[in-house]
Structures are given as structure tokens and as C-alpha cells.
Amino acid sequence: ARRAVDGGYAERAVLISAHVDTVHSSSGGSDNGANCAIALETMRAFIASLAREDDEKSDGHDAGAAMCDEARKTCAVVIVLFSTAEEDGLAGARSSATNHAWFDATAHAPIQVILNLESIGAGGPHRMFQAKTTTGVGRRAIEMWARVA
């Protein structure tokens, strides 16, 4: 954030979302405890990787350099959202999307991609659902998923 502000860089955000509630008749392991753990582990690994890259790239005076593209003058922002009341009509996610500044089109760091970690049942193949192809970022995300799914 300091580099973006001081250097006139644009910021673009990725949001990783998981809900913390479950249906009342479930223990919550697959829906959605596992995905909450995935969100936490993703952030742990991401932060550790950035710390290593920063150590390799800078002299300690430019923390966060690994999150910025100097040629494009753009920095990445990663947001993790743990919402609740998903099983009761998506109330937590809906409230965040309609009331938080992150979701405002004029936000300082507009969200480019939302990765919503969700479970569909307790087994079977992985699926992507509710994916949008209306933006270049959305199309690229679907293409990446298709290569590894």
C-alpha cells in the first residue's frame, strides 16, 4: 500500500471468500470448514512467498515490492473475507457486497476477481460454478481452471 500511494501505482484487489457457518444438520467439515482452512492456508503460503521474494528483491526499504508490477505501475491487494449466514440466504456475503467500500466501483483498490471457496456436497469431482466471462480477468480465471481441472 505504501508503494502504491507514494509511487502513484494503481491497486487491484483479489478477494478470497469463505463462509463460516453450516447447515444445522451438518458437522460443517466439508461445508464449509475445509474451505475456511483452505483460505487460511492460502494466505499463509502467499505471505510466506511474498516475504521470501521481498528478501530477494529488495534491501528492506521497499517492503511489498513482490506485490507490484513496476512496468504497469500496478500493485496487488489480497482481501480475505470470512462471512456468515450463507446457509440462511447469503446474508453475510450480500451485506458485505452491498455495504463495504471494497465493492464500490470507485474504490481505491477495485476488486478484479472474487474466489468464493464453497462446497457442493461431500464428494465427487471439483466444479466451478457461477463463473463470469464478462471481463478479461474472468475469462483468464476460467481458462486457468480448465487447464488444471
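What comes next concerns the included structure.

Reading the values: the criteria
- Residues numbered from 1 in each chain as written.
- Predicted model: local features only at pLDDT ≥ 70, side-chain atom pairs only at ≥ 80, totals over all residues.
- Heavy atoms only, no water.
- Helix = DSSP H or I, 4+ residues; strand = E, 2+ residues; numbered from the N terminus.
- Contact = heavy atoms within 4.5 Å.
- Buried < 20%, exposed > 50% of the residue type's maximum accessible area, 1.4 Å probe, protein only.
- Polar contact = N/O pair within 3.5 Å; in protein donor to acceptor, adjacent residues only side chain to side chain.
- Salt bridge = Lys/Arg side-chain N within 4 Å of Asp/Glu carboxyl O.

**Observations concerning the side chain of N35**
And step 1. By the secondary structure assignment, N35 is in helix 2 (residues 29–57).
And step 2. Residues contacting N35, with those up to four places away along its chain left out, are A18, S30, L117, E118 and S119.

**A few points about the side chain of S119**
And step 1. Along the polypeptide, S119 turns up in the loop between strand 4 (111–117) and helix 4 (136–148).
And step 2. S119 gets classed as buried once you look at its relative accessible area, which sits at 17%.
And step 3. Here the side chain of S119 touches N35 through a polar contact of 2.8 Å, side chain to side chain.
And step 4. Beyond its immediate chain neighbours, meaning those up to four positions away, S119 contacts S30, D31, N32 and N35.

**Structural notes on the pattern of salt bridges**
And step 1. Taken as a whole and assessed by the stated rule, the structure comprises two salt bridges.
And step 2. For the salt bridge of R44 with E41, the shortest nitrogen-to-oxygen distance reads 2.8 Å. Of this pair, R44 and E41 are both found in helix 2, three residues apart, which corresponds to roughly one turn of the helix.
And step 3. We note a salt bridge from D69 to R72, for which the minimum N-O separation is 3.9 Å.
And step 4. Look at D69 and you get partly exposed, because its relative accessible area is 30%.

Geometric values such as these leave the question of function open.
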